[in-house]
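# Examining the three-dimensional arrangement
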Amino acid sequence: MMSSRVAVARRFITFSRMSSTVATSSRGAVKKLEKPELRRFHRYFAQNCFLISISVGLAAAALFKYTVALPRKRRYEEWVKNYDDEARTKYLLEHGVIIPDEYGIPE
């Protein structure tokens with residue numbers, strides 16, 4: 001077991017020069033992959049997620065406002081303009097929904 005590890009270690013001899021690392025094997029020189037960025041990765045990932053979530057939230061709020069809230073507001077304003085409280089009170093009295101004595105409404 002130990003001899004196989006030593007054989008593998010002998011096969012790959014590394015040479016370091018400034019920024020590039022080259023390994024030699026039985027097949028020839030092979031350039032190693034660059035190291036992944038380990039520092040500040042979480043910070044950049046969190047910043048991106050934060051910006052994406054803020055923009056999605058603002059887009060959803062704008063969509064809700066213009067597709068639900070403003071049409072609802074317009075319908076309510078129209079209903080208030082056309083509302084006749086005397087006719088509605090008369091209708092409720094005729095159908096027995098409200099009783100005149102309880103609310104101080106004269107008959």
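Small disclaimer: the values here were computed from a predicted structure and weren't measured. (Residues numbered from 1 in each chain as written. Predicted model: local features only at pLDDT ≥ 70, side-chain atom pairs only at ≥ 80, totals over all residues. Heavy atoms only, no water.)

## Some details on the overall build of the chain
To keep things clear, this is the line we draw: Numbering goes from the N terminus for both helices and strands, where a helix is a DSSP run of H or I of at least four residues and a strand is a run of E of at least two. The rule is simple: take the accessible area with a 1.4 Å probe, protein chains only, and divide by the maximum for that residue type; under 20% is buried, over 50% is exposed, in between is partly exposed. Shrake-Rupley sampling with a 1.4 Å probe provides the accessible areas, and residues are treated as covered by the protein chains on show and by no other component.
Secondary structure summary: the chain contains four helices and three strands in total. Listing each helix as α and each strand as β along the chain from the N terminus yields α-β-β-β-α-α-α. Split into buried and exposed, the 107 residues of the chain put 5% on the buried side. For the chain, the accessible area works out to roughly 10,600 Å², and carbon and sulfur atoms hold 60% of it.

## Structural notes on the packing of aromatic side chains
Heads up, the rule is: Any pair of Phe, Tyr and Trp rings, taking the six-membered ring for Trp, is counted once the centres come within 6.5 Å. Such a pair is stacked with planes under 30 degrees apart, edge-to-face with planes over 60 apart, and tilted for the rest.
This model, assessed by the stated rule, comprises three aromatic pairs. When the ring of phenylalanine 41 is compared with that of phenylalanine 45, the centres are 6.3 Å apart and the planes differ by 20°; the resulting orientation is stacked. In this pair, phenylalanine 41 and phenylalanine 45 both sit in helix α2 (residues 41–82), four residues apart, roughly one turn of the helix. Judged by its relative accessible area of 52%, phenylalanine 41 falls in the exposed class. Taken together through their ring pairs, the aromatic side chains of Tyr76, Trp79 and Tyr83 make up a single cluster.

## What about the confidence of the model for the chain?
Any segment with low pLDDT has predicted coordinates that should not be analysed in fine detail. This is how the line gets drawn: pLDDT runs from 0 to 100 and stands for how confident the predictor is about each residue. In this description, contact between two residues means that some pair of their heavy atoms is separated by no more than 4.5 Å.
Chain-level pLDDT for the chain is 79 on average; 68% of the residues reach the 70-or-more range. Within the chain, strand β1 (residues 13–17) has the poorest average pLDDT of any element, 47, and α2 the best, 96. Residue range residues 12–19 is modelled with pLDDT below 50. Its contacts to residues more than four positions away, or to other chains, number eleven contacts.

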